[in-house]
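Letter by letter, the chains look like this.
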Amino acid sequence: MAKANENYLKLPGSYLFSTIGKKVKEYQEANPDAKIIRLGIGDVTQPIAPAIISAMHSAVDEMAVKETFKGYAPDLGYEFLRNVIAEEDYKSRGCDISADEIFVSDGAKSDCANIQEIFSTDNKIAVCDPVYPVYVDSNVMAGRTGTYDKNTETWSDVIYMPCTEENGFAPQLPSVTPDLIYLCFPNNPTGSAIKKSELQKWVDYANKVGAIILYDAAYEAYISEDDVPHSIFECDGARGCAIEFRSFSKNAGFTGVRLGFTVIPKDLKAGDTPLHPLWARRHGTKYNGAPYIVQKAGEAVYSRQGKKQLKEQVAYYMNNAKVIYEGLKDAGYSVSGGVNAPYIWLKAPNNMTSWDFFDFLLDKAHVVGTPGSGFGPSGEHFFRLTAFGTYENTLEAIERIRKL
Ligand SMILES: *Cc1c(COP(=O)(O)O)cnc(C)c1O
């Protein structure tokens with residue numbers, strides 16, 4: 001008889017975005033004249049840049065001609081894309097990463113979720129709290145997280161690394177030694193980033209205890225400060241302890257197109273076992289690569305026109321971030337993020353819970369954001385606003401909040 005993977009039953013329901021949707025719908029029905037502005041959007045809104053669209057059109061035309069038609073893409077991705085990534089994202093930043101250490105995929109989410117498959121289920125994981133929920137959820141499905149405590153909203157076998165006001169939303173090294181450490185910088189949802197010297201401490205720690213860092217750099221393109229690293233491979237010794245995830249979703253608007261990549265150094269080992277061949281084996285079987293047309297689109301991201309157009313898109317979002325950050329700060333709110341990431345992390349005033357503040361903002365300003373508690377217990381009194389809306393709406397939303 002077939003048996004289900006009961007680990008899936010342990011997952012608490014994903015209430016966050018469905019609850020938000022329900023509350024907003026109910027409010028709009030009761031208040032049909034309220035012009036609701038959404039500053040909780042976790043998706044990009046600007047269209048794909050012209051240089052990229054043009055590359056996709058050409059790739060589509062190639063598919064129509066016998067001589068240039070392409071079938072299955074190579075497991076690790078086309079060389080034209082891996083070469084340009086190695087050059088532009090790594091060599092040009094002084095990182096020793098070669099094209100054959102890059103695995104092109106259909107996005108960072110699946111890679112972040114699937115990477116745990118090449119590790120033993122005995123491994124103990126550590127995660128930032130709050131953070132993007134994919135890391136914990138994928139380990140729950142694999143049976144690595146123990147039991148769930150409804151009251152504390154934590155798993156018994158997960159090491160939580162609180163990111164709080166006190167530590168500037170950058171975690172301290174854990175007191176219990178983990179095997180796998182998930183780090184996400186710039187961070188979703190707090191928008192915090194860490195300096196290269198800080199990241200170096202994590203790399204040194206991981207090398208010392210034999211842990212592997214799973215580094216999610218999905219928001220790398222938003223980094224504006226010079227001393228914030230774009231890749232973990234900018235740190236000495238990272239080849240011995242790190243895997244990095246990248247995405248074209250937030251820098252180039254590929255959330256619907258789907259493209260990302262994972263970097264696994266050839267010499268990286270878990271114990272005595274090299275990991276590169278394991279992930280290569282995985283790619284050969286559980287292929288989650290990207291189509292030729294999409295990989296050509298990815299190549300255009302690095303073209304002169306592509307870079308220029310994407311820089312403008314990022315600047316557009318970051319201008320919104322500035323409007324939110326400065327407007328709220330000026331109004332007396334305690335705010336962080338928004339400098340190296342499109343997220344602003346806001347402390348709910350008067351010790352309100354994040355859901356109370358959600359209701360308050362919706363009712364008084366008709367502005368929708370995301371309650372911090374949805375990203376982990378340390379988000380209980382915090383709130384995430386995002387820069388992905390239009391400039392006009394962002395400006396109006398902040399004006400309304402300022403008037404409260
Ligand atoms: C959006 C996001 C990703 C990107 O996921 P894709 O699957 O590439 O769209 C990865 N990590 C974090 C933290 C994100 O917020």
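Higher on the page you've got the structure.
These remarks concern the structure in this document. In this convention, every chain numbers its residues from 1, walking through the sequence in written order. Reporting in this predicted model follows two pLDDT cut-offs: at least 70 for local features of residues, and 80 or more for side-chain atom pairs to be given and counted; totals over whole chains, interfaces and linings ignore these cut-offs and use all residues. Side-chain measures here rest on the full set of heavy atoms in the structure, leaving out hydrogens and waters.

### What about the packing of helix H11 (residues 304-330) against helix H13 (residues 391-402)?
Between the N-to-C directions of two axes lies an angle of 0 to 180 degrees, each axis being a line fitted to C-alpha atoms and, for a helix, fitted only over the stretch in contact. In DSSP terms, a helix is any run of H or I states spanning at least four residues, a strand is any run of E spanning at least two, and both are numbered starting from the N terminus. Here H11 crosses H13 at 5 degrees, and the two axes come no closer than 10 Å. Judged by the angle between their axes, H11 and H13 are roughly parallel. For the pair H11 and H13, the contacting residues are Tyr316, Asn319, Asn320, Val323, Ile324, Gly327, Leu328 and Asp330 in the first and Tyr391, Glu392, Thr394, Leu395, Ile398, Ile401 and Arg402 in the second. Here the nonpolar group is Ala, Val, Leu, Ile, Met, Phe, Trp, Tyr, Cys and Pro; Asp, Glu, Lys and Arg are the charged ones; every other residue, Gly included, is treated as polar. For the contact of H11 with H13, a count of residues per class yields eight nonpolar, four polar and three charged. Any angle between 65 and 115 degrees counts as roughly perpendicular, while under 35 counts as roughly parallel, over 145 as roughly antiparallel, and the rest as oblique. Note on contacts: a residue pair qualifies if any of its non-hydrogen atoms lie within 4.5 Å across the two residues.

### As for the pairing of strand E10 (residues 260-263)
Only protein chains enter the calculation, and the probe is 1.4 Å; a residue is then buried if its accessible area is under 20% of its type maximum, exposed if over 50%, and partly exposed in between. Both faces of E10 are covered, namely the face carrying Gly260 and Thr262 and the face carrying Phe261 and Val263. Any two strands between which DSSP finds at least two bridges are classified as paired. The pairing of strand E2 (residues 102-105) with E10 spans four bridges and is antiparallel. Bridging from a neighbouring strand, Ser105 pairs with Gly260 of E10. Of the strand pairs in this sheet, strand E9 (residues 242-247) and E10 are connected by four bridges, and their pairing is antiparallel. Residue Arg246 lies in a different strand from E10, and its bridge partner there is Phe261.

### Topic: the site of the ligand
The cutoff for a nearby residue is simple: one of its non-hydrogen atoms must lie within 4 Å of the molecule or strand. In the neighbourhood of the ligand, 14 residues make up the surrounding shell, with Asp216, Tyr219, Ser249, Lys250 and Arg258 lying closest. Contacts to the ligand include Tyr219, whose side-chain N or O atom sits 2.5 Å from an oxygen atom. Think of a polar contact as two N or O atoms within 3.5 Å of one another; within protein, one of them needs to be a possible hydrogen donor and the other a possible acceptor, and neighboring residues in sequence only count if both atoms come from side chains. Within the side chain of Lys250, a nitrogen or oxygen atom sits 3.3 Å from an oxygen atom of the ligand. For the ligand, the accessible surface in isolation is 390 Å², of which the surrounding protein chains cover 94%. Those elements that place two or more of their residues in the shell around the ligand are helix H5 (108-114) and helix H8 (249-252). Accessibility throughout is a Shrake-Rupley quantity obtained with a 1.4 Å probe, and a residue counts as covered only by protein chains that appear here.

### So, the packing of aromatic side chains
Pairing of aromatic rings covers Phe, Tyr and Trp, the last counted by its six-membered ring, and requires centre-to-centre distances within 6.5 Å; plane angles under 30 degrees mean stacked, over 60 mean edge-to-face, and any other angle means tilted. Evaluation of the coordinates by the stated rule reveals 22 aromatic pairs. Ring geometry for Tyr219 versus Tyr222: centroids 6.3 Å apart, planes at 55 degrees, classification tilted. With respect to class, Tyr219 is no different from Tyr222; both count as buried. Judged by centre distance (5.0 Å) and plane angle (90 degrees), the ring pair of Phe357 and Phe383 falls under edge-to-face. Separated by 26 residues along the polypeptide, Phe357 in helix H12 (residues 354-365) and Phe383 in strand E17 (residues 382-386) bring together distant segments of the chain.

### Quick word on the sheet that holds strand E8 (residues 212-216)
Whether parallel or antiparallel, the strands of a sheet pair through hydrogen bonds between backbone atoms. If you trace the seven strands from one edge of the open sheet to the other, you get E2-E10-E9-E8-E7-E3-E6, paired in mixed fashion. One side of each edge strand has no neighbouring strand; the edge strands of this open sheet are E2 and strand E6 (158-162). Ignoring which end each strand starts from, the neighbouring axes of this sheet average 20 degrees apart. Direction of pairing for strand E7 (residues 180-184) relative to E8: parallel, over a ladder of five bridges. Bridging across to E8, Leu180 finds its partner in Ile212.

### What to know about the side chain of Asn340
Inspection of the secondary structure puts Asn340 in the loop between strand E13 (335-337) and strand E14 (343-347). Given the relative accessible area of 5%, Asn340 is considered buried. For Asn340, the side chain forms a polar contact with the main-chain nitrogen of Ser224, separated by 2.7 Å. The residues touching Asn340, leaving out its near neighbours within four places in the chain, are Pro186, Ala193, Tyr219, Tyr222, Ile223, Ser224, Glu225, Val228 and Met318.

### What about helix H2 (residues 15-30)?
Over its 16 residues, H2 extends 22 Å from the first C-alpha to the last, a length consistent with the 22 Å expected when each residue adds 1.5 Å. Within the sequence span of H2, burial applies to Leu16, Ile20, Val24 and Tyr27. Buried residues in H2, looked at end-on, bunch into an arc of 65 degrees, giving them a common side. Exposed positions of H2 whose direction lies more than 90 degrees from the buried face are Tyr15, Lys22, Lys25, Glu29 and Ala30. Its buried side turned inward, H2 meets strand E1 (37-38), H12, strand E15 (367-368) and strand E16 (370-371). To estimate the expected span of a helix, subtract one from its residue number and multiply by 1.5 Å. Comment: arc refers to directions from the helix axis out to C-beta atoms.

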